[in-house]
Amino acid sequence: MEAYLFDWLNLFFRWFHVIAGVAWIGASFYFIWLDLSLREPPEHKKEQGIKGDLWAIHGGGFYEVAKYQAGPPQMPSTLHWFKWEAYTTWLTGFALLSVMYYWGAEQYLIDPQKVALGQWQAIGISLAFLAGGFAVYEALLKSPLRQMPKLFAALLYSALVLAAWALDQIFSDRAAYLHVGALIGSIMAGNVLFGIMPAQRELVRAVTAGETPQAHFAELAKLRSTHNNYFTLPLIFIMISNHYPMTYGHEQGWLVLAFIGAISAFARHYFNLKHQDNHQPWILVAAALALFALIGWMLPKPAQPLPESSERVSQQQAMALVTAHCSACHAAKPSHAAFNAPPGGIELEQWSQVTANAARIIPALRTGYMPLGNASGMTEEQRAQLIQALR
Ligand code: HEC
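The structure displayed is predicted, hence computed values, not measured ones. (Residues numbered from 1 in each chain as written. Predicted model: local features only at pLDDT ≥ 70, side-chain atom pairs only at ≥ 80, totals over all residues. Heavy atoms only, no water.)

Participant: Before we move on, can you summarise the overall build of the chain with the specific residues and values?
Facilitator: Secondary structure assignment for the chain yields 15 helices and 2 strands. Projected onto its principal axes, the C-alpha positions of the chain cover 85 × 50 × 45 Å. Accessible area of the chain: about 21,800 Å², with a carbon and sulfur share of 65%. When the 25 basic and 25 acidic side-chain charges of the chain are each reduced to a single mean position, those positions are 4 Å apart. (Helix = DSSP H or I, 4+ residues; strand = E, 2+ residues; numbered from the N terminus. Areas by Shrake-Rupley, 256 points an atom, 1.4 Å probe, with all protein chains shown as cover. Lys, Arg positive; Asp, Glu negative; His and termini not counted. Charge placed at Lys NZ, Arg CZ, Asp CG, Glu CD.)

Put into structure tokens, the structure is as follows:
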């Protein structure tokens, strides 16, 4: 019953989180494109205080968008704000984190081979990491470093790589990735709540009062939204990475993340320039070459010879390994309390089912991804024996 409820909550929050995230990032991409695509308006619009002009066609109609230098002569009766997309994405993301990694800490958060944490210890470390990481970002942003955006970006990147490495020492590989993503997502939502929204409120206040808005609000908001812009692609990668154990399950998973983060943020740069009619296709070419280099570097090593002591196991012995280490979860009716249905749809109760899934089982064993949480304490030698029996 508990496992069944877990699955539904997991599904509900994941679904909601994806929908909210699509709305947030969609709106964000749209406004970035819009802002960078505005062009000088004709004279009669300039006279009304309009500084940027744009025409578009979509869904069977023409749209005329105008951006004011300061503000409109009068506040319109309805002004649309975009903030709940960000807040709901964060709230549903946190709910999903709590269900999956806190409630399901033993399966997803803790890796007893790294640090044998108790559930509450692991949750405490996770919350402290997120709160601490967020506080470091906010402190950096309020320091004089923000005057040097390139240095700031380099520092921020290094801090995130360091965080990825540290998390990789403590949590399961998958949880380590997810926590980098959760921190980035929290920073992004915080940028909306603590920077972009106050700047917009100040703008509305100043325009209504007929004053010039205080510049520092807008400057800081601009820096925050630039960070959010470059964060989006790496963030989305992290959120889908859980389907690809070859990334987070890599021996140097944190380094893989560091490379993919840098490559995808760099690729984003191409689009930012392109929206301003500045075509720099070499950026995409360089990003693609870097990705190919990464793919080459990550190429699985040829199978290691088995340790001296081990002998080739028989099919019965191999099946006994599967029964001992896999079948509690991977069964038509799992006996493991946390599961209600065979995870990933994979049932491993008969040898024919094991061989049929060999192509997925071998990488899952080699990367240490399975058995999930390794509560049964499968050894390296047993992994190697099972892999050998499957070849
Ligand atoms: C504690 C429960 C548990 C145990 C024990 C376990 N698994 Fe899994 N397994 C899971 C879950 C949960 C998933 C789905 C993970 C996901 O959705 O990303 C999974 C997914 C998989 C996958 C699919 C991976 C992919 O390609 O996405 C394979 C293959 C697999 N397990 C094999 C094994 C093998 C082999 C063992 C034993 C050595 C094992 N599992 C032990 C819970 C378990």
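What follows continues from the structure just given.
Participant: Which residues make up the site of the ligand, and what are the values?
Facilitator: In the neighbourhood of the ligand, 19 residues make up the surrounding shell, with Arg174, Cys326, Cys329, His330 and Met370 lying closest. One of the side-chain nitrogen or oxygen atoms of Arg174 is found 2.8 Å away from an oxygen atom of the ligand. A distance of 2.7 Å is found between a nitrogen atom of the ligand and a side-chain nitrogen or oxygen belonging to His330. Broken down by element, the shell around the ligand gets its largest block of residues, 3 residues, from helix α14 (residues 358-366). The residue makeup of the shell around the ligand, split by class, is 14 nonpolar, 3 polar and 2 charged. (Near = heavy atom within 4 Å. Polar contact = N/O pair within 3.5 Å; in protein donor to acceptor, adjacent residues only side chain to side chain. Nonpolar A, V, L, I, M, F, W, Y, C, P; charged D, E, K, R; others polar.)

Participant: Explain the domain arrangement of the chain to me, using residue names and the numbers behind them.
Facilitator: Taken domain by domain, the chain consists of domain 1 (83-298) and domain 2 (315-390). Each of domain 1 and domain 2 has a C-alpha centre, and these two points are 34 Å apart. Counting residues at the interface gives 12 residues for domain 1 and 8 residues for domain 2. Interface area, domain 1 with domain 2, both sides summed: about 760 Å², of which 56% is carbon and sulfur. At the junction of domain 1 and domain 2, the tally comes to 0 salt bridges. Counting across the interface, domain 1 meets domain 2 through 1 residue pair in polar contact (both at pLDDT 80 or more). When residues of the side of domain 1 that touches domain 2 are assigned to their parent elements, the largest contribution, 3 residues, is made by helix α4 (residues 105-109). Of the residues contributing to the side of domain 1 that touches domain 2, the split by class is 5 nonpolar, 4 polar and 3 charged. (Domains from an automatic or database assignment. Contact = heavy atoms within 4.5 Å. Buried area = accessible area lost by both parts, 1.4 Å probe. Salt bridge = Lys/Arg side-chain N within 4 Å of Asp/Glu carboxyl O.)

Participant: Tell me about the packing of helix α3 (residues 84-103) against helix α7 (residues 173-209), and please be specific about residues and values.
Facilitator: Running from amino to carboxyl end, α3 crosses α7 at an angle of 155°, the nearest separation of the two axes being 10 Å. Put simply, α3 runs roughly antiparallel to α7. Once α3 is placed against α7, the crossing between them reads as left-handed. Contacts from Ala86, Tyr87, Trp90, Leu97, Met100 and Tyr101 in α3 reach Arg174, Ala175, Leu178, His179, Gly185, Ser186, Ala189, Val192, Leu193 and Met197 in α7. Considered class by class, the residues forming the contact of α3 with α7 number 12 nonpolar, 3 polar and 1 charged. (Axes fitted to C-alpha atoms, helices over the stretch in contact; angles between N-to-C directions. Parallel < 35°, antiparallel > 145°, perpendicular 65-115°, else oblique. Left-handed = near helix turned anticlockwise from the far one by under 90°.)

Participant: Which residues make up unusual backbone geometry, and what values do they have?
Facilitator: The linkage connecting Met370 with the following residue, Pro371, adopts the cis geometry, with an omega of -5°. Structurally, Pro371 can be placed in the loop between α14 and α15 (380-390). One non-glycine residue, Asn374, lies in positive phi territory at about 40°. Among the structural elements, Asn374 can be located in the loop between α14 and α15.

Participant: Kindly report on the coordination of the iron atom of the ligand, identifying the contributing residues and their values.
Facilitator: Of the protein atoms, only His330 (NE2) and Met370 (SD) coordinate the iron atom of the ligand, at distances of 2.0 to 2.2 Å. If you look at the iron atom of the ligand, its 6 donor atoms make angles of 87 to 178° with each other, and the shape they trace is octahedral. Of the two residues, His330 sits in the loop between α12 (315-325) and α13 (351-356) while Met370 sits in the loop between α14 and α15, which places them 40 residues apart along the sequence. Owing to a relative accessible area of 21%, Met370 belongs among the partly exposed residues under this scheme. (Donors = N, O, S within 2.8 Å, 3.2 Å for Na, K, Ca; no water. Tetrahedral: all angles 85-135°; square planar, octahedral: opposite > 155°, others 65-115°. Buried < 20%, exposed > 50% of the residue type's maximum accessible area, 1.4 Å probe, protein only.)

Participant: For the environment of Gly190, give the residues involved together with the corresponding values.
Facilitator: Here Gly190 shows up in helix α7. Residues Gly190 and Phe134, 56 residues apart in the sequence, show an inter-C-alpha distance of 8.3 Å. Apart from the residues within four sequence positions on either side, Gly190 is in contact with Phe134, Gly195 and Arg224.

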